[in-house]
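Fold and contact review
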Amino acid sequence: MGKPNPLEGHVSGQSNKPLSKPAHSLSFEDVLKELGGSGIDGLAAQEAESRLQEFGNNELDNGPGVNPTKILVRQVANAMMLVLILAMAVSFGISSWIEGGVVAAIIILNVVIGFMQEYSAEKTMDSLRSLSSPTSQVIRGGDSLTVPTIQVVPGDMVELKTGDTVPADIRLLEVMNFETDEALLTGESLPVLKVADETFAESTGPGDRLNIAFSSSTVTKGRARGVVFATGMFTEIGTIAAALRHQNSRVREPKRTPDGKVKPHRQAQAWALTGGDFIGHFLGVNVGTPLQRKLSQLAIGLFGIAVVFAIIVLAANRFVNDQEVIIYAVATGLSMIPASLIVVLTITMAAGTKRMVERNVIVRKLNALEALGAVTDICSDKTGTLTQGKMVAKKAWIPSRGVYSVGESNEPHNPTAAALYHDEDEPSDDASTDKDLPPDVDEAKDYRELLEDNKPLEEFLKVASLANMATVYKATDGDGWTARGDPTEIAIQVFASRFDWNRKKKVEGDNPEWKLITEYPFSSDVKKMSVVFQQKAAEEPVAFSKGAVERILDACINVDLEGNGQFVELTKEIEADVLSNMESLASQGLRVLGFASKSYSGPTGSDDRAEVEKDLTFRGLIGLFDPPRPESRGAVKRCHRAGIGVHMLTGDHPGTALAIAKQIGIVPSKLSSMSKEMESAMVTTAAQFDKLTDQEIDELPVLPLVIARCAPQTKVRMIEALHRRNMFAAMTGDGVNDSPSLKRADVGIAMGQSGSDVAKDASDIVLTDDNFASILNAVEEGRRIFDNIQKFVLHLLAQNIAQACTLLIGLAFKDANGLSVFPLSPVEIMWVIMVTSGLPDMGLGLEVAAPDILERPPQNLNRGIFTNELLVDILVYGVWMAALCLSSFSLVAYRWGNGIEGLNCNDAYSRECDTVFRARATTFVSMTWFSLFLAWELINFRRSFFRMQPKSKKYFTQWMLDVWRNKFLFWSVMFGFVSIFVILYAPVINHSVFKHTGISWEWGIVLVQAVLFFGGIECWKWAKRVFIRRRAKKAGGGRARRLSSVVFDDYIGITPGMPDADRQNSVGSVSTIGAGQGVDEEKQEKVAQKV
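The rules behind the values
Residues numbered from 1 in each chain as written. Predicted model: local features only at pLDDT ≥ 70, side-chain atom pairs only at ≥ 80, totals over all residues. Heavy atoms only, no water. Helix = DSSP H or I, 4+ residues; strand = E, 2+ residues; numbered from the N terminus. Buried < 20%, exposed > 50% of the residue type's maximum accessible area, 1.4 Å probe, protein only. Contact = heavy atoms within 4.5 Å. Areas by Shrake-Rupley, 256 points an atom, 1.4 Å probe, with all protein chains shown as cover. Phe/Tyr/Trp six-rings, centres within 6.5 Å; stacked < 30°, edge-to-face > 60°. Disulfide = S-S within 2.5 Å. Pairing = 2+ DSSP bridges. Axes fitted to C-alpha atoms, helices over the stretch in contact; angles between N-to-C directions. Salt bridge = Lys/Arg side-chain N within 4 Å of Asp/Glu carboxyl O. Parallel < 35°, antiparallel > 145°, perpendicular 65-115°, else oblique. Left-handed = near helix turned anticlockwise from the far one by under 90°. Nonpolar A, V, L, I, M, F, W, Y, C, P; charged D, E, K, R; others polar. Patch = residues over 30% accessible without salt bridge, like charges linked within 9 Å, V, L, I, M, F, W, Y side chains within 5 Å.

Examining the overall build of the chain
For the chain, the count of helices and strands is 37 helices and 27 strands. When the 1091 residues of the chain are sorted by exposure, 53% land in the buried category. Sequence separation of 24 or more characterises 71% of the internal contacts of the chain that already satisfy a separation of 6 or more. Here the chain has roughly 46,700 Å² of accessible surface; of this, 55% comes from carbon and sulfur atoms.

Written out as structure tokens, the structure is:
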């Protein structure tokens, strides 16, 4: 019996448990009644949990998240494994049962280890995807809660706003200019305006069910509230998914003629392309991340080299059809195969994603792991990312009344917790700009006293309270105050509540004083939000609007300057005075918004927004303070030290943006001491930036550090400008309009707490704490992973070079029959590749970040991991290891031995072959030790093994701490050391399997060779350090300088000691940049000291 289909008999528009009619044919009250929910308090927490158990998770059935069979196939379907299988087949084909059996065992071991590690990695990524999955705002037990979408159940009351992804099929209760994008479901390219009060016939198709918000559609405008009636596979999108569950065909479709026919050559072309896709997928060259594809291509290249080397071996032995020659060829081919490469890469990336979660970063796309280490510029929003996102309304200015200030309070949501003050002067008249100095406590006023006979203040508070979707109320348990909504609106609502103008009190209840007619949500295009309300017993409705001061002033025609209800025209002089007061408030670090209103009895449809928001009366300004995060300044400084430019792109006023940018170090704190041109280069507005053509932007000497009044298209243009300068940019975003810039950026960073579902879906990584410092954590982890991949790739390929050179040069070691005797046997080679090299490589993949990882420039992804330094190191270390191994064989066989006396020494041990077996054992031990020592040396590419922590005072013992710190690497090396004795001296294993014998006095050669190996590596590192210091000194015009010391050089007139084009393309070069050439150095130093 097959598993029953839960969708059998399911009707489109029905619930998980069928209703009397489809939901679109029932009134909201009927749907709510049949589902057993509440339109006010929602479901109780216990009931929601019970329904989750009954109906299951709210997710589409996409089959198993992690498919073990596919993972197992991938372990066999790669170029590395094909070489091993070929070697096994050849060994068995010539009756070399031991070699074939060992290779078969290694294949099985590699498949098992690879399967276990990749399965674990896939499970990790699967769990991370669930962590970054969308969340939903539901009402349960009367409280508004944020829950994972997967936990939404039928009967839940859900609140929707612009940018949200609809979590399930929802019958709408309340809509306000609510539109959704249903292209995914219906193919309709335009957003659909929804209604709540209408019902439709049962036969109505999904595209015409205007009272339903469908799962997976996106809210493009407005807000709504409704009840969930279908979840998971019972949603409309789930029904479609069930119908399309069959696997998508990977067969290429042939091109057809206009009449629909397929010509033979087109069919052959489609078959060829399909075959190419299959082979590419099989070998891994067209799947996975860019780095995984590159390494798969490397594997295929090494496979080709292995075949060539095997042919060289056969040619050197005159293509004799002899078992010994063929085994030698197999051994040489195997020497070029880094069989553990893909496994180690998988482990490293999986460990990196886990580590990032601990540092508040969720990786949604593995590509981001590679990209983060190359980031040269970070474009960040201000509110909630660089700042705390805890808005407090500090000051309000009303033209006819002056400034109303709020005192200090530790309870930002409590409207009764802070004192109120009034000053009749304008903000621009106040010489002091220190917002932290509180007014005299004796000057505090009672709100009733301030409201007495104060019509201008009352009109101002109407806008603050009613043009506001936030809710501030006393907690149900009577202990403290609770707020729900946008932080900016919460702060304004708290301010209004200080004067007893709480929105909840005015618009809710059985007979509210004010009734909402329509709402126009905040739009980043118009930078305003507006509402229209009807007051009880009033003749005309009233429109209230708040937003960016410049946009509000553009919409106003008059203002009450005397406070007597007599309006005067808003002239250019009055407007200039308003802007002057705004500048004064903004210079104090306050985010300034403007308020306006008017009587309005015109139409209020979704297309009438422009009519509602014109000819307004200006009511005043409000200043909100959002303190910088304590860690932001340090994080920005560390970015500069790491060679990463930080740009603030914010919707705030330039004065506010500049004040915060100074506090956290994005721009110099002594900006006023610089020229006007320098200041303009650092700080600009979106209006100024957007009016420039791309060519004019490219001609700018530098790009701005701060762009205020930023619009979504400004962010996109900034990213494109950085790309044209060969920069690698990361961009933060939280709103639905940020998705284009997030997709365009090299690394899109969404906010986990305040970000919309659309922004998260467009991003590469998600910050769970919305903190700028976490971006730096991600960059550090990206660089660490990049470094570690370089370390184990260097270790693996140096090992391959060493083995290949040893075997190819070892062709000169011939017996009396003229056949080559291999210095390393096939099983010895496989042991080194899989155990001596493979296990330490896994340890290198888990290494911690180097001490100076954030004190050097970003990596250059154009070169990838194969930098010039890495390629030279691979060659030097490989050749040095091969030279020492060949000398070990030569000394034992020829210097203190009688040469190669026996025959068939590649096949079996005999008395005549004893010298060869001893020489081979000495070579094998040397190669093993070199591989193990090299793993420790590669903890740092340049620093001495004995001084990897430059600031440590433990001059003689620090190396012990370094090798013990990475426990996996330590025990891998120890296992390699201990296992060598078993392999050397265990009977049968040594002679029959590894083709060597126990050694005695030869240990002296091994010890001397180990010292020489260590000495050679240390000398090479020392030479690199000297070369790099001299190059840095030369590039610096005699002075090597830190990256952080030159971060503002371009802005203050210092030209680095290289052409601009060279500097932009020098990502990944030395970590110091020189001072200017051709400019007076003394003047440069004075300017730099000012900064």
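Re the packing of aromatic side chains
Under the definition given, this model contains 27 aromatic pairs. Ring centres 6.1 Å apart and planes at 75° place the aromatic pair Trp929 and Phe933 in the edge-to-face group. Placement of both Trp929 and Phe933 in helix α31 (residues 914–937) is noted, with a separation of four residues, approximately one turn of the helix. Classification of Phe933 as buried rests on a relative accessible area of 13%.

Some details on the state of the cysteines
Counted by the stated rule, this structure contains one disulfide. Across the disulfide from Cys905 sits Cys913; the S-S distance is 2.0 Å. Taking the sign of the S-S torsion, about -85° here, the bridge from Cys905 to Cys913 comes out left-handed. Neither residue differs from the other here; Cys905 and Cys913 are each classed as buried. There is no disulfide at Cys379, and the cysteine sulfur nearest it, in Cys710, is 9.0 Å away.

Things to note about the pairing of strand β11 (residues 402–406)
Counting buried positions over the five residues of β11 gives five, a clear majority of the element. One ladder, built from four bridges, connects strand β10 (residues 392–398) with β11; its direction is antiparallel. Across the sheet, residue Lys395 finds its bridge partner in β11, namely Ser405. Hairpin connection from β10 to β11: three residues lie between these consecutive antiparallel strands. With four bridges joining them, β11 and strand β12 (residues 420–423) adopt antiparallel strand pairing. Within β12, the residue paired with Ser405 across the bridge is Tyr421.

Overview of the side chain of Asp787
Turning to its location among the elements, Asp787 is positioned in helix α28 (residues 772–809). The class of Asp787 is buried, set by a relative accessible area of 11%. Ignoring sequence-local partners within four residues, the contact set of Asp787 consists of Ile853, Arg856 and Gln859.

Details of the sheet that holds strand β26 (residues 747–751)
Spatially, β8-β27-β26-β25-β9-β22-β24-β23 is the arrangement adopted by the eight strands of the open sheet, whose pairing is mixed. The sheet terminates laterally at β8 (361–363) and β23 (683–685), the two strands that pair on one side only. Across the sheet, the axes of successive neighbouring strands diverge by a mean angle of 20°, strand direction being ignored. Against the sheet, helix α25 (residues 712–724) contacts β9 (377–380), β22 (645–649), β24 (706–708) and β25 (729–733), and its axis sits at roughly 170° relative to β25.

Re the pattern of salt bridges
Tallied over the full model, the rule gives 42 salt bridges. Note that Arg591 and Asp652 form a salt bridge whose closest N and O atoms lie 2.6 Å from each other. Of this pair, Arg591 sits in strand β20 (residues 590–599) while Asp652 sits in the loop between β22 and α21 (654–664), and the two are 61 residues apart along the sequence. Overall, the relative accessible area of 2% leaves Asp652 in the buried class. Here Glu780 ties to Arg638 by a salt bridge, and the two come within 3.5 Å at their closest N and O atoms. Note that Glu780 is positioned in helix α28 and Arg638 in helix α20 (residues 632–641), a separation of 142 residues in sequence. One network of salt bridges, with partners in common, ties together Arg355, Arg359, Arg638, Glu780, Glu781 and Arg784.

Thoughts on unusual backbone geometry
If you check the backbone angles, Lys527 has positive phi at about 55° while not being a glycine. Of note, Lys527 is situated in the loop between β15 (514–523) and β16 (528–535). For Lys527, a relative accessible area of 6% puts it in the buried group. Even without being a glycine, Ala537 presents a positive backbone phi close to 75°. By the secondary structure assignment, Ala537 is in the loop between β16 and β17 (542–548). By relative accessible area, Ala537 is classed as exposed at 84%.

Quick look at the side chain of Thr385
Within the fold, Thr385 resides in the loop between β9 and β10. Thr385 sits in the buried class, given a relative accessible area of 2%. Setting aside anything within four residues of it in sequence, one finds Thr385 in contact with Ser380, Arg629, Ser632, Met751, Asp770, Asn771 and Phe772.

A look at the packing of α28 against α31
Relative orientation and spacing of two packed helices are given, respectively, by the angle between their axes and the distance between those axes. Contact geometry of α28 with α31 gives a least axis separation of 10 Å together with a crossing angle of 160°. Taken together, the axes of α28 and α31 lie roughly antiparallel to each other. Between α28 and α31 lies a crossing whose hand is right-handed. Here His795, Ala798, Gln799, Ala802, Gln803 and Thr806 of α28 come into contact with α31, specifically with Thr923, Met927, Ser931, Leu934 and Ala935. Among the residues forming the contact of α28 with α31, the class breakdown is five nonpolar, six polar and no charged.

A short note on a nonpolar patch on the surface
A grouping of Ile108, Val112 and Met116 is seen on the molecular surface, where their side chains present a nonpolar patch of about 290 Å² in accessible area. Structurally, the position occupied by Met116 is in helix α5 (residues 97–131).

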